[in-house]
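# Close look at the chain arrangement
Residues per chain are reported as follows:
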Amino acid sequence: HASFHVGASESWGFDLFNGSSGLKTYVPIGISLLTKSYFMFSIDAGPQIWHMEDNDILTSFSLRVGKAF
């Protein structure tokens, strides 16, 4: 079973390279695969917008692997 997804999430993040933290928005587009044995694989990518003085927009991705129950 395959499904496509799109969404948005707000979170508080830490930028380890610059030593700063702040609110960020992630807007991913991706695909999820679920096998008959309930093994899940999901990948998505999209812009990550940091809401700080310079409003950096970075390309981010997420990979999830696991067992659905």
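Further up the page is the structure itself.
A brief look at the structure comes next. (Residues numbered from 1 in each chain as written. Predicted model: local features only at pLDDT ≥ 70, side-chain atom pairs only at ≥ 80, totals over all residues. Heavy atoms only, no water.)

Let us look at the environment of aspartate 44. The topology assignment puts aspartate 44 in strand 5 (residues 39-50). If near-sequence neighbours (up to four positions away) are discounted, aspartate 44 is found in contact with His5, Tyr26, Pro28, Ile29, Gly30, Ser60, Phe61, Ser62 and Arg64. Reaching out from aspartate 44, the side chain makes a polar contact with the side chain of arginine 64 at a distance of 2.9 Å. (Helix = DSSP H or I, 4+ residues; strand = E, 2+ residues; numbered from the N terminus. Contact = heavy atoms within 4.5 Å. Polar contact = N/O pair within 3.5 Å; in protein donor to acceptor, adjacent residues only side chain to side chain.)

So, on to the side chain of aspartate 44. Judged by its relative accessible area of 4%, aspartate 44 falls in the buried class. Side-chain polar atoms of aspartate 44 contact the side chain of tyrosine 26, separated by 2.6 Å. (Buried < 20%, exposed > 50% of the residue type's maximum accessible area, 1.4 Å probe, protein only.)

With that settled, the discussion passes to the environment of aspartate 56. By the element assignment, aspartate 56 lies in the loop between strand 5 and strand 6 (57-67). With residues up to four places along the chain from it excluded, the contact list for aspartate 56 reads Gln48, Ile49 and Trp50.

Relative to the elements of secondary structure, serine 42 occurs in strand 5. Accessibility expressed as a relative area gives 1% for serine 42, which makes it buried. Of note is the side chain of serine 42, whose polar atom sits 3.1 Å from the side chain of serine 32.

Everything listed here is a matter of geometry and, on its own, says nothing about what the molecule does.
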